[in-house]
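# Inside the fold
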Amino acid sequence: MKVHLHNPKREIEVAGPLKANELCAQLGLNRESVLVIRGDELVVGNTVLDDEQPVEIRPVISGGAE
């Protein structure tokens, strides 16, 4: 599957299918510090990701008005 990563921005290929948690572990990412997005939807940790659709992984950013 194509995985689009941010910070630093890059694209990699990973063999699927994998659960979102497994993908993060394989990439050395803390699942609680990233959002896994397939299409237009956020996916939970046990969602199976296959080779059909690209996945985007973005860091969680907090902040806003006080």
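As a reminder, the structure under discussion sits directly above these lines.
So, here's what we can say about the structure.

What counts as what
- Residues numbered from 1 in each chain as written.
- Predicted model: local features only at pLDDT ≥ 70, side-chain atom pairs only at ≥ 80, totals over all residues.
- Heavy atoms only, no water.
- Helix = DSSP H or I, 4+ residues; strand = E, 2+ residues; numbered from the N terminus.
- Rg over C-alpha atoms; globule rule 2.2 N^0.38 Å.
- Buried < 20%, exposed > 50% of the residue type's maximum accessible area, 1.4 Å probe, protein only.
- Contact = heavy atoms within 4.5 Å.
- Lys, Arg positive; Asp, Glu negative; His and termini not counted.
- Charge placed at Lys NZ, Arg CZ, Asp CG, Glu CD.
- Salt bridge = Lys/Arg side-chain N within 4 Å of Asp/Glu carboxyl O.

What follows is about the overall build of the chain. Regarding its fold elements, the chain presents one helix and seven strands. The order of helices and strands in the chain, counted from the N terminus, is β-β-β-α-β-β-β-β. Relative to a compact globule of 66 residues, whose C-alpha radius of gyration would be 11 Å, the chain shows 12 Å and is just as compact. Considered along the principal axes of its C-alpha atoms, the chain spans approximately 40 × 25 × 25 Å. Counting every position in the chain, which comprises 66 residues, the buried fraction comes to 29%. Once local pairs closer than 6 in sequence are excluded, the contacts in the chain between residues at least 24 apart make up 48%. Of note, the chain has its 7 positive side-chain charges centred 3 Å away from the centre of its 11 negative side-chain charges.

Further remarks concern the environment of Leu42. Note on placement: Leu42 falls in strand S5 (residues 41–42). Excluding anything up to four places from it in sequence, Leu42 contacts Leu35, Val36 and Ile37.

Tallying each qualifying case throughout the model produces two salt bridges. Between Glu56 and Arg58 there is a salt bridge, and its shortest N-O distance comes to 2.5 Å.

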